[in-house]
Amino acid sequence: MRLDRATWVLASVSTVWGASYTVTGWGLRELDVVTFNAIRFAAAAPLLLVLACAVEGRPAIASRWWPRLALSAAIGIVAYQLAFSAAVALTTVTESAILIALSPFWTALLARLSGEPVRAGVLIGACVAMAGVVLVVLGREAGHAAPNRALGDLAALVASALWGAYPVVTRPLLVDHSPLRVTAWASVIGAAILLPAASALGPPRDVQEISGTTLVSLAFSVLAVTIYGLVAWYWGVRRVGSAQTMVFMFAVPVAAAVFAVAAGTERVTWPQVAGAGLVLAALTCSQRNPKVLDTGVGNDGYHDLDHAGTRDAHR
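What this report covers is the structure whose coordinates are included nearby. Counting restarts for each chain, with residues numbered from 1 along the sequence as it is written. A pLDDT threshold of at least 70 governs which residues receive local features in this predicted model, and a stricter bar of 80 or more applies before side-chain atom pairs are shown or counted, although totals over entire chains, interfaces and linings include all residues. For side-chain calculations, the full set of non-hydrogen atoms in the structure is used, while hydrogens and water are omitted.

## Considerations on helix H1 (residues 5-28)
Only runs of H or I of at least four residues qualify as helices and only runs of E of at least two qualify as strands under DSSP, and these elements are numbered from the N terminus. The length a helix should cover is 1.5 Å for every residue beyond the first. An ideal rise of 1.5 Å per residue puts 34 Å on 24 residues; H1 measures up with 34 Å between its terminal C-alpha atoms. Its maximal kink placed at Tyr21, H1 deviates by approximately 40°. Note that bend, as reported per residue, equals the angle between axes fitted to the 7 residues terminating at that residue and the 7 residues originating from it.

The following block contains the structure:
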């Protein structure tokens, strides 16, 4: 069975986002959740806009799409990021990972309700992958104590629902706009919300006071997690659909465990190995679709979205 380009791209995003559990934690030792994310999107937004201009020329979005774009940014850029960070800070890694990994089920449910077709293989793969995720996260060694476990679990459940809704809300934007363009403007909106919130919490930090480790964490969050990760994720949503893309969320906890082992903060266990095998098998089977092969951008129905311009730009 041949795995198409979308499978490899989304797998790479899962790997990056898995590593971000550890790398982002480095920055959160020194910066609070709101400030960290405000700096992250304030830095990512102009870079994304410059990249969009270089690739597409004039990255405009028609006025009729701005309400949906604002909703997408509010859900995926602001609310999810804050809920995720709160969950990691307040409850155990095990519980937060399990609850947030439920997001594909929310996506499948919302996609069905919105009329988007969801293949049976995707649903079966999601169930098998979820079992693998449980083995991976429960197989970890004991982590830090959770000061507010119930509140943290609630935050993780909210994050799961938000991230599950994110691709369903965003996908209509991708009919007329490139993933790069949508990511750029969503990041602008996110930064416009997070920066005043961070300022309200206290005076801005002097860059010279931020440690090198935190700067590395921020750079990774901006370049790998946000610019590459979100653009590639949107691309996957447009190419294969919300539900099939979200199955790759199950690989994130696996990648997080592998990265933690490589970083020396955790040791691998046999339940983790078994769980990782289940996740990888489920992902491979869920991507099996002999009727749709990745033969290039023509497979999307509108090839210009992978290059320059949008439908709105030509109207």
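## Examining the packing of helix H7 (residues 149-170) against helix H10 (residues 212-240)
A pair of packed helices can be characterised by two numbers: the angle between their axes and the separation between those axes. Viewed as axis vectors pointing N to C, H7 and H10 meet at an angle of 65°, and their least axial separation amounts to 10 Å. The crossing of H7 and H10 is right-handed. In this structure, H7 uses Trp163, Tyr166, Pro167 and Thr170 to contact H10, whose residues at the interface are Leu230, Trp233, Tyr234 and Val237. Grouping the amino acids of the contact of H7 with H10 by side-chain chemistry returns seven nonpolar, one polar and no charged. Axis definition: a line fitted to C-alpha atoms, limited for helices to the stretch in contact. Angles are taken between N-to-C directions and run from 0 to 180 degrees. The handedness criterion is simple: a crossing whose near helix is rotated anticlockwise from the far helix by less than a right angle is left-handed, and one whose near helix is rotated clockwise is right-handed. Contact definition: two residues touch when any of their heavy atoms are within 4.5 Å. Note on residue categories: nonpolar means Ala, Val, Leu, Ile, Met, Phe, Trp, Tyr, Cys or Pro, charged means Asp, Glu, Lys or Arg, and polar means any other residue, Gly included.

## Looking at empty space enclosed by the protein
Of the grid points, spaced at 1 Å and generated over the protein atoms alone, those admitting a 1.4 Å probe that cannot get out make up cavities, while open sets with protein on both sides within 12 Å along at least five of seven lines make up pockets; any residue with an atom within 4 Å of a point is treated as lining. Grid points are joined across faces, edges and corners, and a volume is the space filled by probe spheres set on the points. Using the criterion set out here, one finds two cavities of 30 Å³ or more in the structure. Here the largest cavity defines a volume of roughly 260 Å³. Of all the elements in the fold, those that place two or more residues in the lining of the largest cavity are H1, helix H2 (33-56), helix H3 (66-90) and H10. Class assignment for the residues of the lining of the largest cavity results in ten nonpolar, six polar and one charged. Lining the second largest cavity are Pro104, Phe105, Ala108, Val122, Leu123, Ala126, Ala243 and Val247. Listing elements by their share of the lining of the second largest cavity, those giving two or more residues are helix H5 (103-113) and helix H6 (120-138). Classifying every residue of the lining of the second largest cavity by side-chain character gives eight nonpolar, no polar and no charged.

## What to know about the side chain of Ser103
Here Ser103 lies in helix H5. Ignoring anything within four residues of it in the chain, the contact list for Ser103 reads Ser160, Trp163, Gly164, Met246 and Met249.

## Notes on the pattern of salt bridges
Any two side chains of opposite charge can pair, given that their charged atoms come close. Only one rule defines a salt bridge in this text: a Lys or Arg side-chain nitrogen within 4 Å of an Asp or Glu carboxyl oxygen. If you walk through the whole model with that rule in mind, you get two salt bridges. Residues Arg181 and Glu56 are paired through a salt bridge, measuring 2.4 Å at the closest nitrogen-oxygen approach. One end of the pair, Arg181, is in helix H9 (residues 179-201); the other, Glu56, is in helix H2, and 125 residues separate them in sequence. Partly exposed describes any residue whose relative accessible area lies between the buried limit of under 20% and the exposed limit of over 50%, with all areas from a 1.4 Å probe on protein chains only and scaled to the type maximum. A relative accessible area of 0% places Arg181 in the buried class. Between Asp176 and Arg64 there is a salt bridge, with its nearest N and O atoms 3.0 Å apart. Taken as a pair, Asp176 in helix H8 (residues 173-176) and Arg64 in the loop between H2 and H3 lie far apart in primary sequence, 112 residues in all.

## Regarding the packing of aromatic side chains
Any Phe, Tyr or Trp ring, taking Trp's six-membered ring, that has another such ring centre within 6.5 Å forms a pair; planes under 30 degrees apart are called stacked, those over 60 apart edge-to-face, and the others tilted. Here the structure, examined in full by the defined rule, presents eight aromatic pairs. With 4.8 Å between their ring centres and 45° between their planes, Trp17 and Trp233 make a pair best called tilted. Taken together, the residues span a long stretch of sequence, with Trp17 in helix H1 and Trp233 in helix H10 at a distance of 216 residues. The residues Trp17 and Trp233 share a single accessibility class, namely buried. When the ring of Trp163 is compared with that of Tyr166, the centres are 5.0 Å apart and the planes differ by 40°; the resulting orientation is tilted. Of this pair, Trp163 and Tyr166 both sit in helix H7, three residues apart, which is roughly one turn of the helix. Comparing Trp163 with Tyr166, the two get one shared label, buried.

## A word on the environment of Pro179
Tracing the chain through its elements places Pro179 in helix H9. Considered as a pair, Pro179 and Tyr234 are 55 residues apart in the sequence and their alpha carbons are 5.2 Å apart.

## Considerations on the nonpolar core
What is meant by a nonpolar core is a set of buried Ala, Val, Leu, Ile, Met, Phe, Trp, Tyr and Cys residues, joined one to another through side-chain atoms within 4.5 Å. Ranked by size, the top nonpolar core spans 49 residues in total, and within it Trp17, Trp163, Trp233 and Met249 carry the most contacts. Looking at this core, the elements that each hand over two or more residues are H1, H2, H3, H7, H8, H9 and H10. If sequence neighbours within four positions are ignored, Trp163 has contacts with Trp17, Gly76, Tyr80, Ser103, Thr107, Leu230, Trp233, Met246 and Met249. Formed by 17 residues, the second largest nonpolar core is a distinct cluster that contains Ala101, Val247, Ala276 and Ala282.

## Concerning the environment of Val34
Positionally, Val34 belongs in helix H2. According to the relative accessible area criterion, Val34 is buried, its value standing at 18%. Along the sequence, Val34 and Ala86 sit 52 residues apart, while their C-alpha atoms lie 9.9 Å from each other.

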